[in-house]
Amino acid sequence: MRYDILTIFPKFFESPFSFGILKKAQEKGLIQINVHDIRDFAPDKHNTVDDSPYGGGSGMVFKPGPLGDAIEFAKADGARSLVILTTPQGERFSDKIARELTEYEQLIIICGRYEGVDERIREIYVDREISIGDYVLSGGEYAASVIIDAVSRLIPGVLGNEASPYDDSFRGGLLEYPQYTRPETYKRKAVPEILLSGNHKEIEKWRRGEGVKRTFFRRPDLLDRASLTVEELKLIRRLRRENPPSFRVYVALVHYPVYNKDLRIVTTAFTNLDVHDISRACRTYGVRVFFLVHPVQEQRVLVERVLRHWTEGPGVLYNPTRNEALALVRIKSSLSEALEEIEKVEDSKPKVVVTDARPGENLTGYSELKERIITGEEPYLILFGTGWGIAKEVMERADYALKPIEGNTDYNHLSVRSAAAVVLDRLLSN
Ligand code: ADE
């Protein structure tokens, strides 16, 4: 692999590639790193490579001329090459992208400065824009070093031990298992016995299991892509059972005060499907209690009868898992009753979150609220409205109003049970 780095700080690269694996890879001829000073391509005697942006604004922009000439100079004849621009606006660098980059013979990496490059350079020359994370560095030189290191490790022969990139974290989608070396006991902590047993099959099994556990606790988002055996899936189920989520989230389905189609305040009737489906979603995502809020006594009596069928009557034997979900339901005549019950159990008032299909101002995004729920200490009560949505007076008293669920079309008419499932998944899933 040949790398050509285009930078205004060529001295930056004097050290990162002069140690260890990358140094050896260059000595063995497996990789070649050329560094070009973009200033060498500036036509004027001051070696100017940047200028102020058209239209005004702060900062400077890379001029297209010198940078374009530097790219053309760097391009190796006949090589399968890719021009990369390092920028915080690029796609997020990953193990997958690193592997894709190994398919080329030459990578030309432009070290962007965060004020940017003239857009025409992007259009004419740049094949891929890469960011190494959601933060702004003072220059793309750091990003270029990261990309070159990650890609080079994947080139056959670069790592002494051919097997190691495949054991490393992210290969197979799991984080790496814990490693130990001599001494057997350090500060009274012993090496796990299995590693001393010499039983390679069992050691391999243990290591996979530890990789699964580590991924479960540290990066559960990776489990989705990991290829797992049935045995490992069972292990994850067990870990979920043994480590229930620590957040304290409650859900209420509000039947009054809600709007009807003509935006009049009404009371809606219970919908059996909503009761069943939302309680199942609540059980799946670790909600503590699902409140059904209805001011009409006859309606509450009716739904109590339905619930008894599934939690005490013939329904228990017919479908025991339904019992588990419906056991989360509490019937209340008003929202304040639900709030009082939460406060009694939790010893603090919950933060109230409302959901609505209508667009509005000062709405909270799902990832922001998710972070608050998962990392915070307070209990939360999420309200879902039946009919045409919860009345304004309730909305205004809430601590957070969530943004409407946007799919990827302009259609916005989810049933409340579908909306509840989507919201719970966005806020509470791993
Ligand atoms: N240049 C400045 N910040 C960067 C980032 N996060 N990734 C890649 N290049 C950058």
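Just so it is clear, the structure is predicted and the values come from calculations on it, not from any experiment. (Residues numbered from 1 in each chain as written. Predicted model: local features only at pLDDT ≥ 70, side-chain atom pairs only at ≥ 80, totals over all residues.)

**Here we look at the overall build of the protein chain**
If you tally the helices and strands in the protein chain, you get 16 helices and 17 strands. What you see for the protein chain is a C-alpha radius of gyration of 29 Å, clearly larger than the 22 Å of a compact globule of 430 residues, by over 25%. Expressed as lengths along the three principal axes of its C-alpha atoms, the size of the protein chain is roughly 85 × 70 × 40 Å. Among the 430 residues that make up the protein chain, the fraction classed as buried is 28%. In the protein chain, 79% of the contacts between residues at least 6 apart in sequence involve partners at least 24 apart. (Helix = DSSP H or I, 4+ residues; strand = E, 2+ residues; numbered from the N terminus. Rg over C-alpha atoms; globule rule 2.2 N^0.38 Å. Buried ≥ 20, exposed ≤ 12 C-beta atoms within 10 Å, placed from the backbone. Contact = placed C-beta atoms within 7 Å.)

**Here we look at the site of the ligand**
Close to the ligand lie 13 residues; Thr86, Pro88, Ser131, Leu137 and Ala143 are nearest. Mapped onto the shell around the ligand, the elements with two or more residues apiece are strand 5 (81-92) and helix 5 (140-152). A total of three residues in the shell around the ligand trace back to one element, the largest contributor, which is strand 5. (Near = placed C-beta within 6 Å.)

**Side note on the sheet that holds strand 7 (residues 128-131)**
The pairing of strands in a sheet happens through backbone hydrogen bonds and is either parallel or antiparallel. Ordered by their spatial adjacency, five strands build an open sheet running 2-1-6-5-7, and the pairing between neighbours is parallel. Two strands in the sheet have a free side with no partner beyond their single neighbour: strand 2 (32-37) and strand 7. Across this sheet, the average inter-strand angle for adjacent strands is 30 degrees, counted without regard to direction. With five bridges joining them, strand 5 and strand 7 adopt parallel strand pairing. Paired with leucine 85 across the strands is glutamate 129, a residue of strand 7. Sheet strands in contact with helix 2 (residues 64-74) are strand 1 (2-7), strand 2, strand 5 and strand 6 (106-111), and its direction is about 165 degrees off that of strand 1. (Pairing = 2+ DSSP bridges. Axes fitted to C-alpha atoms, helices over the stretch in contact; angles between N-to-C directions.)

**Considerations on helix 16 (residues 416-428)**
Over its 13 residues, helix 16 extends 17 Å from the first C-alpha to the last, a length consistent with the 18 Å expected when each residue adds 1.5 Å. Of the surrounding secondary structure, the elements contacted by the buried residues of helix 16 are strand 10 (249-254), helix 9 (272-285), helix 14 (366-375) and strand 16 (380-385). (Expected span 1.5 Å × (residues − 1).)

**Section: the domain arrangement of the protein chain**
For the protein chain, the assigned domains read domain 1 (2-152), domain 2 (185-242) and domain 3 (249-428). Here domain 1 and domain 2 have C-alpha centroids that lie 39 Å from each other. (Domains from an automatic or database assignment.)

**Structural notes on the packing of helix 7 (residues 200-218) against helix 8 (residues 230-242)**
Two elements in contact, helix 7 and helix 8, have axes separated by 10 Å at closest approach and are oriented at 45 degrees. Judged on the interaxial angle alone, helix 8 and helix 7 are oblique. The element helix 7 and its partner helix 8 pack so that their crossing is right-handed. Contacts from Arg208, Gly209, Val212, Lys213 and Phe216 in helix 7 reach Glu232, Leu235, Ile236 and Leu239 in helix 8. The residue inventory of the contact of helix 7 with helix 8, partitioned by class, reads five nonpolar, one polar and three charged. (Parallel < 35°, antiparallel > 145°, perpendicular 65-115°, else oblique. Left-handed = near helix turned anticlockwise from the far one by under 90°. Nonpolar A, V, L, I, M, F, W, Y, C, P; charged D, E, K, R; others polar.)

**Some remarks on the sheet that holds strand 16**
On the basis of which strands lie adjacent, the open sheet formed by six strands has the order 14-13-10-16-15-17 and parallel pairing. At either margin of the open sheet sits one strand with a lone partner, and together these are strand 14 (329-332) and strand 17 (400-401). Here strand 10 pairs with strand 16 via six bridges, running parallel. Bridge assignment links valine 249 to a residue of strand 16, and that residue is tyrosine 380.

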